[in-house]
Amino acid sequence: MNKSHPIESNYRPSHERGGCSTTELRWRGFKSQVENIALRLIHCKPDIHHLWAIVLWTIVAAIVRTMCTPHLLGRHSSCARYASMVSLIDSEAKGSMRDFVLVKLTDEEFDDFSARHPQGNFQQTSAMGRLRAAQGIDVEYLALKEGEKIVAAALFETHRSRFSTFAVIHDGPMCDYHDTEALTFFMDALKRHAKAKGASQLEITPESPYRLRDTNGASLPDDQNGAPDNKLIEQLEAIGFTHGGFTVGYTAVPRWRYLKDLTGITDEKSLLKSYDKRTQWSVKRAQSMGVHVRELSDDELGVFARIEQQTAERRSFEYRGEAYFHRFKEAFGSKAHFMVAEIHIDEYVADMTSKREALSAKVAALTAKNAEHPTTKTERQLGEETRNLAAAEKRLNEAAEFAKDGDVLPAAASLFVEHPREVIYLFSGSVEQYKPFYASALIQHDAMLHFCVEHGLSRYNFYGIDGVFDDPDDEGRGVLEFKQGFNSRGTSGRVRAAGQTGRLCHEAICAQAAVAVNGRSAQAIPEPRVTIRVTTSKKVRL
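Since the structure is predicted, the reported quantities are computational estimates derived from the model, not experimental observations. In this convention, every chain numbers its residues from 1, walking through the sequence in written order. Confidence filtering applies because this is a predicted model: local features only for residues at pLDDT of at least 70, side-chain atom pairs given and counted only at 80 or more, and all residues used for totals across whole chains, interfaces and linings. Water and hydrogen atoms play no part in the side-chain values, which are based on all heavy atoms of the structure.

J.: So what exactly am I meant to see when it comes to the environment of valine 431 here?
T.: In DSSP terms, a helix is any run of H or I states spanning at least four residues, a strand is any run of E spanning at least two, and both are numbered starting from the N terminus. With respect to the secondary-structure elements, valine 431 resides in the loop between β13 (422–430) and α15 (439–452). By relative accessible area, valine 431 is classed as buried at 11%. Sequence-wise, valine 431 and glutamate 308 are 123 residues apart; in three dimensions their C-alpha atoms are separated by 9.0 Å. By the convention used here, residues are in contact when the closest approach between their heavy atoms is within 4.5 Å. Beyond its immediate chain neighbours, meaning those up to four positions away, valine 431 contacts Ile307, Gln310, Pro410 and Ala411. Exposure is judged per residue with a 1.4 Å probe applied to protein chains only, and the accessible area is read against the type maximum: over 50% gives exposed, under 20% gives buried, and values in between give partly exposed.

See the structure below:
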């Protein structure tokens, strides 16, 4: 197995002239000379030459800062890079030399880093790399090494079509966005790599949250990570990125995530108790109505696909097709769980028959009691139980109709993905006519119990919501309320102390970059979530 190998080390600037005016060539030549001096200073060790290096740097830094004045920043997108150099070399001049190198990792090395990194997620795994590769996407596992230690990594995708080539990093890179030196080197290296691959655009969506909110959308206190991470935005802007704005709504890579903390939950009883009352009732009701959850085999994924397609048509979202789910399972293997909740008609009929008989006996007793000695209380009880009996009769008649479709009826299906940090609820669908069986609630309960609680995993990721909390008519309201139901705090909206269960909303950042790719640069169109783009335009030249 090939180990990681270096692609480039330290800062190695590229200078592409292309078609430029005389003035632009002179400007580029001047920048090149200043950059060369600055880069030599980066490599300057704090030895006997340290004093002259500091003196020389003082002169160079003054020139760089002059080059990066506001009116020049508006004309020359690369000035932001020099601005970040000022911060970088200032620290180097003080003797804090760091040795970085960009390398490629093997599948195993990349997965090991993703499993241990606080931003690790299913998008940043070799399994996702295999899925992308099966779709014809060029996939690489790039990493930043400091000495012998991997400090950052990313699944780097290059998409090629008839009309364009662009690069993407979903939910990454995994890195410390507050480490200016490492971040600057890594981002610059990724940009150069995108350019070398012929990409006209680089888009990244970091998995670092902007702020954490409670279940009702209110910001948490600062000491509970509720303060906005403006420093992250500042760091990216200093490197040349443009913030894409804070948005709401559903996106392919969700900007808003809904999380449940399972810390302190050790069994099914405590898990069930962590839900609100309505959701507890829904789970128990599904269990009593003959609904069972099981995992689909590879050759049964058509069941999942049909339910997903029905839901997509009903709710107007994109259906990926059965072939995609087969590729997903092949790529993720045992880490992907396609689950189905099925109604066992015989059990349901037996349960409803038993309830009907019990209600029938109760109605007969109340009828006799009321005839012998009528009271307001007895009449009220009789009316209530009579309605319950009628409902039971109706359910039995419905069951007879359902039985015509088969003995076991798929009512809902969901895809869950395991990562060492969390379990992700990724896709789901349900059959509208079986909605009264509460199969969707039981699938969630089953997944949290068997994939998280039983394995000691405390983070359950409900994945995307649209970020709208105060509009009861919002199209995403039903999804939000469904996920909020798996929450014991009701409307109190506070995260509990460590050791108790909590629910968090994860809000991410949107940012974009304008940097040189193929010798040209332009701003990208804002998109949701932490989005950083590198875009080419034929109208703007460096």
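Having seen it, we continue.
J.: Where do I start with the nonpolar core in this structure?
T.: Note that soluble globular proteins tend to have their nonpolar side chains buried in a common cluster. Judged by nonpolar contacts, the single largest core of 90 residues is most densely connected at Phe328, Phe332, Phe338, Leu415, Phe416, Leu426 and Tyr460. Counting residues per element, this core draws most heavily on α15, at nine residues. We call a set of buried Ala, Val, Leu, Ile, Met, Phe, Trp, Tyr and Cys residues a nonpolar core when their side-chain atoms join them within 4.5 Å. By size, the runner-up hydrophobic cluster in this structure holds 26 residues, among which are Ala167, Leu183, Ala194 and Ile239.

J.: How do you make sense of the packing of helix α7 (residues 180–196) against helix α8 (residues 230–239) when you look at a structure like this?
T.: Convention adopted: a line fitted to C-alpha atoms gives each axis, helices being fitted over their contacting stretch, and angles between N-to-C directions are expressed from 0 to 180 degrees. The geometry of α7 relative to α8 is characterised by a closest axis approach of 10 Å and an angle of 50° between their N-to-C directions. Here α7 lies oblique to α8, going by the angle between them. With respect to the hand of their crossing, α7 and α8 are arranged in right-handed fashion. Contacts from Thr180, Leu183, Thr184, Met187, Asp188 and Lys191 of α7 reach α8 at Gln235, Leu236 and Ile239. Residue polarity is assigned by list, with Asp, Glu, Lys and Arg as charged and Ala, Val, Leu, Ile, Met, Phe, Trp, Tyr, Cys and Pro as nonpolar; anything else, Gly included, falls into the polar class. For the contact of α7 with α8, a count of residues per class yields four nonpolar, three polar and two charged. For classification purposes, an angle smaller than 35 degrees is called roughly parallel, one larger than 145 roughly antiparallel, one from 65 to 115 roughly perpendicular, and anything else oblique. Here a crossing is taken to be left-handed if its near helix is turned anticlockwise relative to the far helix by less than a right angle, and right-handed if that turn runs clockwise.

J.: Would you explain the pattern of salt bridges in this entry?
T.: Any two side chains of opposite charge can pair, given that their charged atoms come close. Criterion for a salt bridge: a side-chain nitrogen of Lys or Arg within 4 Å of a carboxyl oxygen of Asp or Glu. Applying the stated criterion across every chain yields a total of 21 salt bridges. Between glutamate 140 and lysine 104 there is a salt bridge whose closest N-O contact spans 2.8 Å. Of this pair, glutamate 140 sits in strand β3 (residues 138–146) while lysine 104 sits in strand β2 (residues 100–104); the two residues are 36 residues apart in sequence, bridging distant segments of the chain. Using a relative accessible area of 7% as the deciding quantity, one classes glutamate 140 as buried.

J.: Please explain unusual backbone geometry as it appears in this structure.
T.: Apart from glycine, the bulk of residues carry a negative phi angle, and the bulk of peptide bonds sit in the trans form. A cis amide bond links glycine 172 to the next residue, proline 173, at an omega of 0°. Here proline 173 lies in the loop between β5 (165–169) and α7. Despite not being glycine, serine 316 shows a phi value in the positive range, around 60°. In this structure, serine 316 sits in the loop between α11 (301–315) and α12 (322–332). By relative accessible area, serine 316 is classed as exposed at 67%. A positive phi is found at tyrosine 463, a non-glycine position, where the angle reads about 65°. Within the fold, tyrosine 463 resides in strand β14 (residues 459–465). Tyrosine 463 gets classed as buried once you look at its relative accessible area, which sits at 7%.

J.: Any chance you could explain α7 here in plain terms?
T.: Given 3.6 residues per helical turn, the α-helix brings residues three or four places apart onto the same face. When the terminal C-alpha atoms of α7 are compared, their 24 Å separation across 17 residues agrees well with the 24 Å that a helix rising 1.5 Å per residue should span. In terms of burial, α7 is largely enclosed, as 15 of its 17 residues are buried. Glycine 198, located one to two residues past α7, shows a positive phi value of around 85°. Helix span, expected: 1.5 Å multiplied by one less than the number of residues in the helix.

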